[in-house]
Amino acid sequence: MKDFVLDQPIAQYITDHTTRPDALLDALAAETRQATGDRAGMQISPTQGRLLTMLTELLAPSVAVEVGTFTGYSSICLARGLRGGHLHCFDLSAEWTAMAERYWREAGVADRITLTLGPAVETLAGFEATIDLTFIDADKPNYPAYYELIMARLRPGGLILVDNTLWTGHVADPSRTDPSTQTMRDFNDLVIEDPRVTTTILPIADGLTMIRKND
Ligand SMILES: C[S@@+](CC[C@H](N)C(=O)[O-])C[C@H]1O[C@@H](n2cnc3c(N)ncnc32)[C@H](O)[C@@H]1O
């Protein structure tokens, strides 16, 4: 994913001053482009990936959850930050996640990841462990459902990260009234009005929301 919100020179400057992805992540990004074409744009950016690894290292979750795995870029970034914890990945696509599973093995993180295929609302509804860290990056209309299901299982002090929340900047443009933009605005309003959390939006890539469940 490229940067949609920041001016390109600033976005490039940040990329240039963010620790580079390694050869494995570069190879995964290249293979994803080759195999999925334009859909490769769904992948998180290297800057986001670096942030996911650092936040995972800092939070040291026992249980991390990813909703929306695709070909595995963000899951590898999360899994690499784990220090003894486990990552549960939820996705619909056996085809795309087959590439993820191959790269998990190559990255040496396969033993710390469990993949569940199926609609993530159903998977989350049946998930019983207490969650420390979540990354949500799947179908946008279900974001409120994912948020509520995760909040019910998130420990106090736990973190939810949500991708695409600035929606190419359209959320802040009143002339944009299309349903996708409104869906994201409604989600952002739901979060800021929730007294259970403290939240902010980082303007990298397409907007990344950080939500901490209050103690
Ligand atoms: C934006 S991509 C995820 C990109 C990934 N985080 C990465 O960095 O490569 C969204 C993913 O959500 C999955 N998805 C869409 N709707 C879903 C649903 N209802 N339940 C589970 N997964 C879903 C898609 O199959 C797709 O792989």
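Residues numbered from 1 in each chain as written. Predicted model: local features only at pLDDT ≥ 70, side-chain atom pairs only at ≥ 80, totals over all residues. Heavy atoms only, no water.

1. With respect to the state of the cysteines
Structurally, a disulfide amounts to a covalent bond that connects the sulfur atoms of two cysteines.
Step number 1: For the coordinates displayed, the defined rule picks out zero disulfides.
Step number 2: Of all cysteine sulfurs in the structure, the one in Cys-89 sits closest to Cys-77, which takes part in no disulfide; the separation is 11 Å.
Step number 3: When its relative accessible area of 2% is taken as the criterion, Cys-77 is described as buried.
Step number 4: Assessed through its relative accessible area of 0%, Cys-89 is described here as buried. (Disulfide = S-S within 2.5 Å. Buried < 20%, exposed > 50% of the residue type's maximum accessible area, 1.4 Å probe, protein only.)

2. As for the site of the ligand
Step number 1: Near the ligand, the surroundings consist of 20 residues, among which Gly-68, Ser-74, Asp-91, Ala-120 and Asp-137 are the closest.
Step number 2: In the environment of the ligand, an oxygen atom lies 2.6 Å from a nitrogen or oxygen atom belonging to the side chain of Asp-91.
Step number 3: For the ligand, the accessible surface in isolation is 600 Å², of which the surrounding protein chains cover 91%.
Step number 4: When atom positions are compared with the pocket grids, the ligand is found to occupy the largest pocket. (Near = heavy atom within 4 Å. Polar contact = N/O pair within 3.5 Å; in protein donor to acceptor, adjacent residues only side chain to side chain. Areas by Shrake-Rupley, 256 points an atom, 1.4 Å probe, with all protein chains shown as cover. 1 Å grid on protein atoms, 1.4 Å probe; cavity = no way out; pocket = protein on both sides within 12 Å on 5 of 7 lines; lining within 4 Å. Sits in = over half its atoms within 2 Å of the grid points.)

3. Considerations on the side chain of Thr-69
Step number 1: You can see Thr-69 is positioned in the loop between strand S1 (63-67) and helix H4 (73-81).
Step number 2: For Thr-69, a relative accessible area of 2% translates into the label buried.
Step number 3: At a separation of 2.7 Å, a polar atom in the side chain of Thr-69 contacts the side chain of Glu-66.
Step number 4: Look past the residues within four positions of Thr-69 in its chain and what remains in contact with it is Ser-75, Cys-89, Phe-90, Asp-91, Thr-97, Ala-100 and Trp-104. (Helix = DSSP H or I, 4+ residues; strand = E, 2+ residues; numbered from the N terminus. Contact = heavy atoms within 4.5 Å.)

4. Quick look at helix H8 (residues 179-192)
Step number 1: The end-to-end C-alpha distance of H8 is 20 Å, a good match for the 20 Å that 14 residues give at a rise of 1.5 Å each.
Step number 2: When H8 is considered as a whole, its buried residues turn out to be Thr-181, Met-184, Arg-185, Phe-187, Asn-188 and Val-191. Along the axis of H8, the buried positions cluster into a sector of 160°, meaning they face one direction only.
Step number 3: Its buried side turned inward, H8 meets helix H7 (143-153), strand S5 (154-163), strand S6 (197-202) and strand S7 (208-213). (Expected span 1.5 Å × (residues − 1). Arc of directions from axis to C-beta.)

5. As for the pairing of S5
Step number 1: By the criterion of burial, S5 is predominantly enclosed, with eight of the 10 residues buried.
Step number 2: Bridge count for strand S4 (residues 131-136) against S5 is five bridges, and the pairing is parallel. For Ile-136, the partnering residue across the bridge sits in S5 and is Val-162. (Pairing = 2+ DSSP bridges.)

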